[in-house]
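Structural features, examined
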Amino acid sequence: MSVEASAFQEHRAHLVAVGYRITGSLADAEDAVQEAWLRLDGLRPDARAEVRDLRAWLTTVVGRICLDRLRSAAVRRERYVGPWLPEPLVTTGDPDDPLTAVVRDEGVRMAAMLVLERLTPAQRVAFVLHEAMDTPFAAIAAILGCTEATARQHASRARRAVADADPPPRATAAEHAAVLTAFADAMARADQDALVALLHPDVVLHNDSDGRVTAARRPVAGPDKVARLLLGLVDRYGRHLLDFRPVVVNGEPGTIGPAGRSAIAVNAFALREGRIIGIYGVLNPEKLTRLPA
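Residues numbered from 1 in each chain as written. Predicted model: local features only at pLDDT ≥ 70, side-chain atom pairs only at ≥ 80, totals over all residues. Heavy atoms only, no water.

1. A short note on the overall build of the protein chain
- On a plain count of helices and strands, the protein chain comes out with 13 helices and seven strands.
- Relative to the 2.2 N^0.38 estimate, which gives 19 Å for 293 residues, the radius of gyration of the protein chain is 20 Å and therefore close to what a compact globule would have.
- The dimensions of the protein chain, computed from C-alpha atoms along their principal axes, are 70 × 40 × 35 Å.
- When the 293 residues of the protein chain are sorted by exposure, 49% land in the buried category.
- For the protein chain, long-range pairs separated by at least 24 residues make up 65% of all intrachain contacts whose partners lie at least 6 apart in sequence.
- For the protein chain, the accessible surface area stands at approximately 14,100 Å², while carbon and sulfur atoms represent 51% of it. (Helix = DSSP H or I, 4+ residues; strand = E, 2+ residues; numbered from the N terminus. Rg over C-alpha atoms; globule rule 2.2 N^0.38 Å. Buried < 20%, exposed > 50% of the residue type's maximum accessible area, 1.4 Å probe, protein only. Contact = heavy atoms within 4.5 Å. Areas by Shrake-Rupley, 256 points an atom, 1.4 Å probe, with all protein chains shown as cover.)

Have a look at this one:
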């Protein structure tokens, strides 16, 4: 491996995290990172010599590519059936898995990613690159094709929107494990009262299926409604729905298991004050093609 290729690999996890946080798609992020490598490899020697900070140069290239992807995706999402969730990042804890480094980033948690969906493409790029990656506003302005002052304004508006959304912080692994164990027990016993007690008063369940499998097409809010929906699905489709197993989703404990008659679902959970405040179920098979074996 050349020195340049080795240096590129050192930045790969960072670049994938940038691309994923901007687009919400692992496929788009990896494509952008690959394109950045091809552009670097294709530089003439004199142009390559002008790259003083390889990480910054690659981040700028990935940011520009992902901005184009995000803008084109906005049109597709207008036709999307039901809620849209990011492609889940399911990891096994294997240190050799390149995604293991990506999911250490607080910003790739499902709850945090969902907040980014409220931003405009320009705001999202400015926020991710400056707030999370400390990219200078001059570079962000070049990516967005605007003045530096406008880039600062995009970042400021995004920062306020994220603060107003107040996504729940990452819970400890022990807290998450205890809540999910109690959740599985309540589901197995079909104990609605116990299930409601585990749900935060502001709990919201999101199911992403794009209409390809049976799922709620609107977010379901409130402990009673969420509990009734979950237990009603078991009544409708059978107790095989309880055959889910624990996995790590976007860096936090989650589950993978049956959904309906033939589909599978990856579920991420967000906690606040020791109770479940967010359930994010990805059922769209197009977003589940990169699951570990």
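After presenting the structure, the write-up continues.
2. Some remarks on the UniProt feature "domain: RNA polymerase sigma factor 70 region 4 type" (unreviewed entry) in the protein chain
- Here, UniProt's "domain: RNA polymerase sigma factor 70 region 4 type" (unreviewed entry) annotation points to residues 111–161.
- Secondary structure content for residues 111–161 is 78% helix and 0% strand, while the C-alpha to C-alpha distance between its ends is 14 Å. (UniProt positions renumbered as here; feature names shortened; annotations may be inferred.)

3. Quick notes on the UniProt feature "domain: RNA polymerase sigma-70 region" (unreviewed entry) in the protein chain
- Within this numbering scheme, the UniProt entry marks residues 8–74 as carrying the feature "domain: RNA polymerase sigma-70 region" (unreviewed entry).
- With 85% helix and 0% strand, residues 8–74 has its two end C-alpha atoms placed 30 Å apart.

4. Quick notes on the sheet that holds strand β2 (residues 199–208)
- Overall, mixed pairing links the seven strands, which are arranged β1-β4-β5-β6-β7-β2-β3 in an open sheet. Whereas interior strands pair on both sides, the edge strands pair on one side only; in this sheet they are β1 (90–91) and β3 (220–221).
- Bridge analysis of β2 against β3 gives two bridges, and the strand direction is antiparallel. Across the sheet, the residue bridging to L205 is V220, located in β3.
- Here helix α11 (residues 173–188) sits on the sheet in contact with β5 (252–259), β6 (263–272) and β7 (275–282), set at roughly 125 degrees to β6.
- Packed onto the sheet, helix α13 (residues 223–237) meets β2, β3 and β7 and runs at close to 45 degrees relative to β2. (Pairing = 2+ DSSP bridges. Axes fitted to C-alpha atoms, helices over the stretch in contact; angles between N-to-C directions.)

5. Topic: the nonpolar core
- Ranked by size, the top nonpolar core spans 49 residues in total, and within it I22 and V62 carry the most contacts.
- Considering every element that reaches this core, the biggest residue donor is helix α5 (residues 54–78), with eight residues. (Core = buried A, V, L, I, M, F, W, Y, C linked by side-chain atoms within 4.5 Å.)

6. Some remarks on the confidence of the model for the protein chain
- Per-residue confidence for the protein chain gives a mean pLDDT of 91; residues scoring 70 or more make up 99%.
- Within the protein chain, the element-level pLDDT minimum falls on helix α1 (residues 3–10), averaging 76, and the maximum on helix α12 (residues 192–198), averaging 98. (pLDDT = per-residue confidence, 0-100.)

7. Thoughts on the environment of D53
- Tracing the sequence through the fold places D53 in the loop between α4 (45–49) and α5.
- A polar contact of 3.1 Å, which involves the side chain of D53, links it to the backbone nitrogen of A56. (Polar contact = N/O pair within 3.5 Å; in protein donor to acceptor, adjacent residues only side chain to side chain.)

8. Re the packing of helix α2 (residues 12–23) against helix α3 (residues 26–41)
- Where α2 contacts α3, the two axes come as close as 8 Å, and the packing angle between them is 130 degrees. The angle between the axes of α2 and α3 places the two elements in the oblique class. Like other packed secondary-structure pairs, α2 and α3 cross with a definite hand, here right-handed. For the pair formed by α2 and α3, the contact residues are R12, L15, V16, G19, Y20 and T23 on the first element and L26, D28, A29 and V33 on the second.
- Taken together, the residues that form the contact of α2 with α3 break down as six nonpolar, two polar and two charged. (Parallel < 35°, antiparallel > 145°, perpendicular 65-115°, else oblique. Left-handed = near helix turned anticlockwise from the far one by under 90°. Nonpolar A, V, L, I, M, F, W, Y, C, P; charged D, E, K, R; others polar.)

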